[in-house]
Protein chains: 4
Amino acid sequence: VTQDAFVLRLLDTPEVQRLRRIRALGPASLAFPGAEHSRFAHALGAAHVMSRYLGRVAELAQELPPCERIDEVTAKIALAAALLHDLGHGPYSHTFEEALIGARAHETWTSKIVLHPDTAVHRIVAELGSHAPKAVERLIRGEHPILHLARAVSGTFDVDRCDYLLRDSYQTGVRYGLLDLDWLFASLRLHVPRSGEPARLAVDGEKGLTAVEGFFLARLYMYRQVYLHKAVRAAECMIYALVRRLCALGPRPCTHPVMAKILRREAVSVDEYLLLDDSIFDGEISAYTCDADPILRELATGLRERRLFKTMALRPDVDLETVGDALRTALRQGGYDPEFMGSIDRVETAAFVEDDALCVLGANGRVQPLLAASPVLRGLSRERYVQVRAVFTASARPLVEDALREWT
Amino acid sequence: VTQDAFVLRLLDTPEVQRLRRIRALGPASLAFPGAEHSRFAHALGAAHVMSRYLGRVAELAQELPPCERIDEVTAKIALAAALLHDLGHGPYSHTFEEALIGARAHETWTSKIVLHPDTAVHRIVAELGSHAPKAVERLIRGEHPILHLARAVSGTFDVDRCDYLLRDSYQTGVRYGLLDLDWLFASLRLHVPRSGEPARLAVDGEKGLTAVEGFFLARLYMYRQVYLHKAVRAAECMIYALVRRLCALGPRPCTHPVMAKILRREAVSVDEYLLLDDSIFDGEISAYTCDADPILRELATGLRERRLFKTMALRPDVDLETVGDALRTALRQGGYDPEFMGSIDRVETAAFVEDDALCVLGANGRVQPLLAASPVLRGLSRERYVQVRAVFTASARPLVEDALREWT
Amino acid sequence: VTQDAFVLRLLDTPEVQRLRRIRALGPASLAFPGAEHSRFAHALGAAHVMSRYLGRVAELAQELPPCERIDEVTAKIALAAALLHDLGHGPYSHTFEEALIGARAHETWTSKIVLHPDTAVHRIVAELGSHAPKAVERLIRGEHPILHLARAVSGTFDVDRCDYLLRDSYQTGVRYGLLDLDWLFASLRLHVPRSGEPARLAVDGEKGLTAVEGFFLARLYMYRQVYLHKAVRAAECMIYALVRRLCALGPRPCTHPVMAKILRREAVSVDEYLLLDDSIFDGEISAYTCDADPILRELATGLRERRLFKTMALRPDVDLETVGDALRTALRQGGYDPEFMGSIDRVETAAFVEDDALCVLGANGRVQPLLAASPVLRGLSRERYVQVRAVFTASARPLVEDALREWT
Amino acid sequence: VTQDAFVLRLLDTPEVQRLRRIRALGPASLAFPGAEHSRFAHALGAAHVMSRYLGRVAELAQELPPCERIDEVTAKIALAAALLHDLGHGPYSHTFEEALIGARAHETWTSKIVLHPDTAVHRIVAELGSHAPKAVERLIRGEHPILHLARAVSGTFDVDRCDYLLRDSYQTGVRYGLLDLDWLFASLRLHVPRSGEPARLAVDGEKGLTAVEGFFLARLYMYRQVYLHKAVRAAECMIYALVRRLCALGPRPCTHPVMAKILRREAVSVDEYLLLDDSIFDGEISAYTCDADPILRELATGLRERRLFKTMALRPDVDLETVGDALRTALRQGGYDPEFMGSIDRVETAAFVEDDALCVLGANGRVQPLLAASPVLRGLSRERYVQVRAVFTASARPLVEDALREWT
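Because the structure is predicted, anything quoted here is derived from the model rather than measured. (Residues numbered from 1 in each chain as written. Chains lettered and ligands numbered in written order. Predicted model: local features only at pLDDT ≥ 70, side-chain atom pairs only at ≥ 80, totals over all residues. Heavy atoms only, no water.)

Draft legend 1. Here's a closer look at the interface of chain C and chain D. At the interface, 24 residues of chain C touch 24 residues of chain D. Here chain C packs against chain D, burying approximately 2,400 Å² in sum over the two surfaces, 41% of which is carbon and sulfur. The largest contributions to the chain C side of the interface with chain D come from C:Arg20, C:Glu36 and C:Tyr170, which together make up 26% of the buried area. Summed over the shared surface of chain C and chain D, the result is 4 salt bridges. With a closest N to O distance of 3.8 Å, D:Arg304 and C:Asp277 form a salt bridge. Applying the counting rule to chain C against chain D returns 10 residue pairs in polar contact (both at pLDDT 80 or more). At the level of elements, helix H2 (14–17), helix H3 (39–59), helix H10 (159–172) and helix H16 (278–288) of chain C are the ones that each hand at least two residues to the side of chain C that touches chain D. Examining the composition of the side of chain C that touches chain D, we find that 3 residues originate from one element, H3(C), more than from any other. (Contact = heavy atoms within 4.5 Å. Buried area = accessible area lost by both parts, 1.4 Å probe. Salt bridge = Lys/Arg side-chain N within 4 Å of Asp/Glu carboxyl O. Polar contact = N/O pair within 3.5 Å; in protein donor to acceptor, adjacent residues only side chain to side chain. Helix = DSSP H or I, 4+ residues; strand = E, 2+ residues; numbered from the N terminus.)

Draft legend 2. The arrangement of the interface of chain A and chain B in detail. Counting from both sides, the interface comprises 24 residues of chain A and, opposite them, 24 residues of chain B. Counting each side, the surface lost to burial between chain A and chain B is near 2,400 Å², with a carbon and sulfur contribution of 41%. Considering only the surface of chain A that becomes buried against chain B, A:Arg20, A:Glu36 and A:Tyr170 emerge as the three largest contributors, covering 26% of it. Here chain A and chain B share 4 salt bridges between them. In this structure, B:Arg306 and A:Asp12 form a salt bridge, with 3.5 Å as the shortest nitrogen-oxygen distance. At the boundary of chain A and chain B, one finds 9 residue pairs in polar contact (both at pLDDT 80 or more). Elements with a contribution of two residues or more to the side of chain A that touches chain B: helix H2 (14–17), helix H3 (39–59), helix H10 (159–172) and helix H16 (278–288) of chain A. Grouping the amino acids of the side of chain A that touches chain B by side-chain chemistry returns 7 nonpolar, 6 polar and 11 charged. (Nonpolar A, V, L, I, M, F, W, Y, C, P; charged D, E, K, R; others polar.)

Draft legend 3. View of the relation of the copies chain A and chain B. Take chain A, turn it by 180°, move it 0.0 Å along the axis, and it overlays chain B with an RMSD of 0.0 Å. Here the symmetry operator amounts to a two-fold rotation axis. For chain A, the smallest separation between a C-alpha atom and the rotation axis is recorded for A:Ser279, amounting to 2.4 Å. Of all interface residues in chain A, 100% are interface residues in chain B too; the two copies therefore contact each other through one and the same surface. (Least-squares fit on C-alpha atoms with pLDDT ≥ 70 in both.)

Draft legend 4. Representation of the nonpolar core in the model. Counting residues in hydrophobic clusters, the biggest one holds 283 residues, and the most contacted among them are B:Met50, B:Tyr53, B:Leu84, C:Met50, C:Tyr53 and C:Leu84. Among the elements that make up this core, the one with the highest residue count is helix H12 (residues 205–227) of chain C (13 residues). The next biggest cluster of nonpolar side chains, apart from the first, holds 271 residues, and it includes A:Ala46, A:Ala373, A:Tyr385 and D:Val114. (Core = buried A, V, L, I, M, F, W, Y, C linked by side-chain atoms within 4.5 Å. Buried < 20%, exposed > 50% of the residue type's maximum accessible area, 1.4 Å probe, protein only.)

Draft legend 5. Inspection of the environment of C:Thr329 at higher detail. Within the fold, C:Thr329 resides in helix H18 (residues 320–333). Each C-alpha atom, one on C:Thr329 and one on C:Pro198, is 57 Å from the other, the two residues being 131 residues apart in sequence.

Draft legend 6. Inspection of the relation of the copies chain C and chain D at higher detail. For these two chains of identical sequence, chain C goes onto chain D by a turn of 180° and a shift of 0.0 Å along the axis, with RMSD 0.0 Å. Of the interface residues in chain C, 100% have counterparts in chain D that sit at the interface too, so the contact is made through matching surfaces.

Draft legend 7. Looking closely at the pattern of salt bridges. Tallied over the full model, the rule gives 108 salt bridges over all chains. A salt bridge links B:Asp163 to B:Arg167, with the nearest nitrogen and oxygen atoms 2.9 Å apart. In this pair, B:Asp163 and B:Arg167 both sit in helix H10 (residues 159–172), 4 residues apart, roughly one turn of the helix. One connected set of salt bridges, linked through shared partners, spans A:Lys134, A:Glu137, A:Arg138, A:Arg141 and A:Glu143.

Draft legend 8. Representation of the side chain of A:His148 within the structure. Locating A:His148 in the fold gives a position in helix H9 (residues 147–153). The class for A:His148 is buried, based on a relative accessible area of 1%.

Draft legend 9. Highlighting unusual backbone geometry. Of note, the phi angle at A:Arg265 is positive, near 60°, even though the residue is not glycine. Within the secondary structure layout, A:Arg265 lies in the loop between helix H14 (257–263) and helix H15 (270–273).

Draft legend 10. Representation of the sheet that holds strand S1 (residues 188–191) of chain D within the structure. Residue and element names in this part refer to chain D. Taken together, 4 strands build an open sheet; the order of strands is S1-S2-S5-S6 and the sheet is mixed. Pairing within the sheet leaves two strands with one partner each, and these edge strands are S1 and strand S6 (367–369). Here the strands of the sheet are splayed against their neighbours by 45° on average, with no regard to which way each runs. When S1 meets strand S2 (residues 200–204), the two strands line up antiparallel, connected through 4 bridges. Bridge pairing links Arg189 to Ala202 in S2. Across the sheet, helix H3 (residues 39–59) touches S1 and S2, and the angle it forms with S1 is around 55°. Lying on the sheet, helix H12 (residues 205–227) is in contact with S2 and strand S5 (358–361); it crosses S2 at an angle near 105°. (Pairing = 2+ DSSP bridges. Axes fitted to C-alpha atoms, helices over the stretch in contact; angles between N-to-C directions.)

Take a look at the structure:
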């Protein structure tokens, strides 16, 4: 079968189709109404970017030692890795996973699903050879004998990020920092050191530097404008609080049995896990709006009818414990449960962290690290984006603003 | 309150927020992975287009007799009508409604929700005056003392269509026939006949004709490429079959109680109806994949895992009864239940039907009907887009192709 | 040499570089300030579209009989034809050529330049073989043993039009009717009749019909909005009048010697012709603004300072002689020279004329003519775009409007 | 007259129409074939951005003390300043001006043209009041009693730059760093200090920071990719050399009389200066291709037929005198005139230089300097873009590369 036919067969499996029912950006559509796209669209996009990567590497193959060229089976493993890398996501993508401290990360579930002999994706991948499912699983984790391929699947600059930055920008309408995929691939090179070390991803210094900077700027802007937007974080904090409350109360009658197991920290099988999706969680939130517990009820109703917690920006360097105490005291004075009706939310991202995955090839064959070649990235590497916010139920606003004023 | 604040209050009601859980294009994302947007985004967009319409009418107000100008209360009624016009949609938008022959149309439910004294949208609209909910409901149905406003809400050329054509094009990536809203509004005029008849929407002949043609071409192309795409129609036919099967079997244990009532043709209250959304229906389809009935099971599994019915294009002028008989005979011969495993699907849309809602103003003040001014629309008005397809379970393909060959 | 290197060598010839000094749309930038692009950019674009065409034909080569496949030399001849097809344009592209009744058409000059042994383009093309210049020249005129290639260079649907419709749309900002080149090439096919007749261009009926319709709609809209825009036509009519006046007066002292020869209908060599470009004509117009002849002075000053003739739309079916007489009488009454201060301008274009260059391939292998497959083109084929305008010096407006009112 | 009518009258003056004959980016179209747009399109665009600025300031007017609001006459002066700011450009925009060391800068000529009582623009502006021409001229130089308006016309962040960054990006196809004008204006504020100091331009910190960063990134990228592109700089160095050669030789017979005066450093009147445009200079270059002087001939032919000098990138920190000597020695050895056949080209631009023209308004009313609020700009402010290149006639490449290798 051709590469296209192979991807199509994987697409029409229950495990991949399930991603249609998981929104890529969790609750972000509460702030960006267009951001309703699913993990399925992203998985398809990541496979598309991978297929362009494979095409580019094929053009450059003669520069590579034979052991670093990509044969047909490896190409299919690479496409499978790109397509399947998010299989393990649960409801609301990252949000749910972060809500349940101690829960298995989605990466672990991805591994389990790919390796489980009864899943459809496993069966189709195994037709490439009995080693293939393990190879796909390892590649998803960034491990592969061909280093440049490993980094293209999971690195600072990989097919996953290329797709989601473009896709999330398109869907949210946040247009700053568009990255130009055509230009990026046109300037992509492979650097083969004379030392016999493995080939590394590189960009042509004349053409490609701006494309790479565009990638990292796009990432910074999407974090700042979208992923860490105050209303998005407020909704996520409400989901965290709701899950904490559920853990405290124990599963409710209407809690889905698999969800109940997860809340009770019981083991969950791959089959069971695959039953979960956004619609399960949406259904539960709907049911909790009539729950006997007033806190669960309030959180569920707020999420369902978009009455979100309010936020208050604090100085990035505040002592989290001190302001946390002040917030809890204020909430308690107002008669709110400080465990569930507010929290301090600190988020941090580095705009650019150098690694050796990508280098720059000058016109004269000189190889430079990215930082040495790019003033823009040098600038970004010295900065972190840190945001500290108090997040709390709307009616507590006057109280909280009074109590935390000194830290703004 | 300002118009913006009024719209925001309506947005944050449970009835409008519910639209977040109803995909605008039903199962179209099975063919166009990007088409996962909800009715909520569309409602917001329609309100935005209305607010631009109101802005344009305000610019033209001095040309209008006072009784056709739009005062502040009427403006809010118009915004509410645009925002709320789709409130009555059930799961999978049009699909579900068409599946249930005899069910109430979504327009009826929209009316009920707006008029029901206990809904949040009713309460907020009623603050404009006790007549306001009725005025909004009538305007949604295209009735209003100010004719041009009535047509802008519900006509061949209305704010609803302007938003969904643009939005569906953006989300599906089908770029043919983009309409240019800025140019359209810049060339929008109001024609006030000397006869004392009410003012009508018009476009400036020099600038606007191309914009209006672009609107109708966009509509034709979206129908041809997206709304009536063979995979989209196949999925819809499967949903129709599944609902027919459910009606035949009676509700299953896992059928949602409100859905069960609808299937049994029992009366459903507004409160009950509002519980329905895509996640309810998705959850049921998931449950039916394990149902005891093999037909229900097969249909549900096919929808969930995207194993869609196949299609076979037939000549537009075939006799539907004749080919229907031939299809049923072929299915029966193959051991398939002809009631549920296939059907003849005929869809038809007129590219352009003239009405008097819109006319063209020449440079010299001459008024022309659209058809007289536009060769392109004259061309379109003579043509209909008709598509007849046999739609049937995949394994029956050889049988069906043999049986229906003569009608291709 | 590779195809790219061959194109680059042709680019850096004096004959091709000269096209940088000839605006593609003549005086259209007087109405659309962005439309200042040159024939050079268009030539480069046409070569790019040709190289995509060659790539697509290579993908489809196995469907073709060997004699209709494109070998390396033929590919370079095709690229040269696309790149060089406009070499013969004189100042202001079409405008100047149309101004001089009886002058040689630019196509004739293109042939002469390609065939002339002393031009750089001739020398470079001749390196492909001594037959090559003649082959390029014939291909530019639409003649080639491989029919589909001949039509791709010069047909209703050719690389020239693909480039200029996209380019002119981009530069003018007139966005209606964008055609989608990627989609067009993806749906391009070659139809090889069983009869042994030559292969023809075709589009895939499922995907490609809309793309082809988009092409013809784009063409219609560009004519209506840009090429035949009233201010563009007014400027062209002024240039025609200026050239008529020059012919009547004979060349002026400041007239460029080659231009003087052309005005006197003397023979002009290829070398001489290649000296002409927009800057020569701009320089002359500048000089004529101080000429002793008041009519030449007025026309030149009007063009240079953008004081254009006014236009008045007339009914498409007026008798040209009758309104021409009326216009001349009115101008004479006002003391204007009727030969130079106004004219009746009738332009006409067919939105779609069927030929057999392009057909539609149905899913079932059925071949259809475009008209049978496309309701939109059927509509367009019944209509012509005709525009009749009186065009006259601004100060004569009241007089002319009075005199011609009955024909509006 | 309305603002629009006022702008239209200014547009149709000989001085503004002359800008149609001056390419905005000089010889950049030799490297970017789309970059053929004129100063006229830019002037129109700058006036458009100004009219949006005035609209935004009108929305914010109630926050301003009366003396800083913009009345109707001031608005027209501002529009005139934006439209006329580039009137003084000579052939090839900046290039020609930089070629002639000691020549008057275009800004000086702009002032003279606006202030000269016989120009059409002067007459039209003077209808606003006898002080108006002087006010326009001062505003173009960044001087006006209303500080925020002065900075909007001439500052680090002004209407001129907004237009040319967007326009040059559109025309060259270099899409990195598009700035979003709608978003920029939506987030534009005016900061009125309590101290009584004048109001300053500001952006909303929540929304606007990214828009402002986008502006400065766009600027950096356009410099790096376009304005300082190696082929563009090579062409500019050739023009500098050609002008130096002309000065050394004295005007040639075919040199335009005004150009001859300039070369001889004789005084030139406003009327004479306005005769110059690209077509004059193009005509001269054409004539110089047949000049008796071999150096002038070679430079002119190279420019006309695009046989550009080659470039060789050197380390940014080389000592210019040392490498200049080495280059001249190498050229002399090869028999080339070192004065005209090569040079060292050092260009430098700061990515961001802080000034106080623009500040950031936080949600809580806090005012911050841009640098304090933006990690990206903080990064950029620490870096300069410096490029040192040897630029030399193509045939000298082996010699020069040998001689300068140690400085790469």
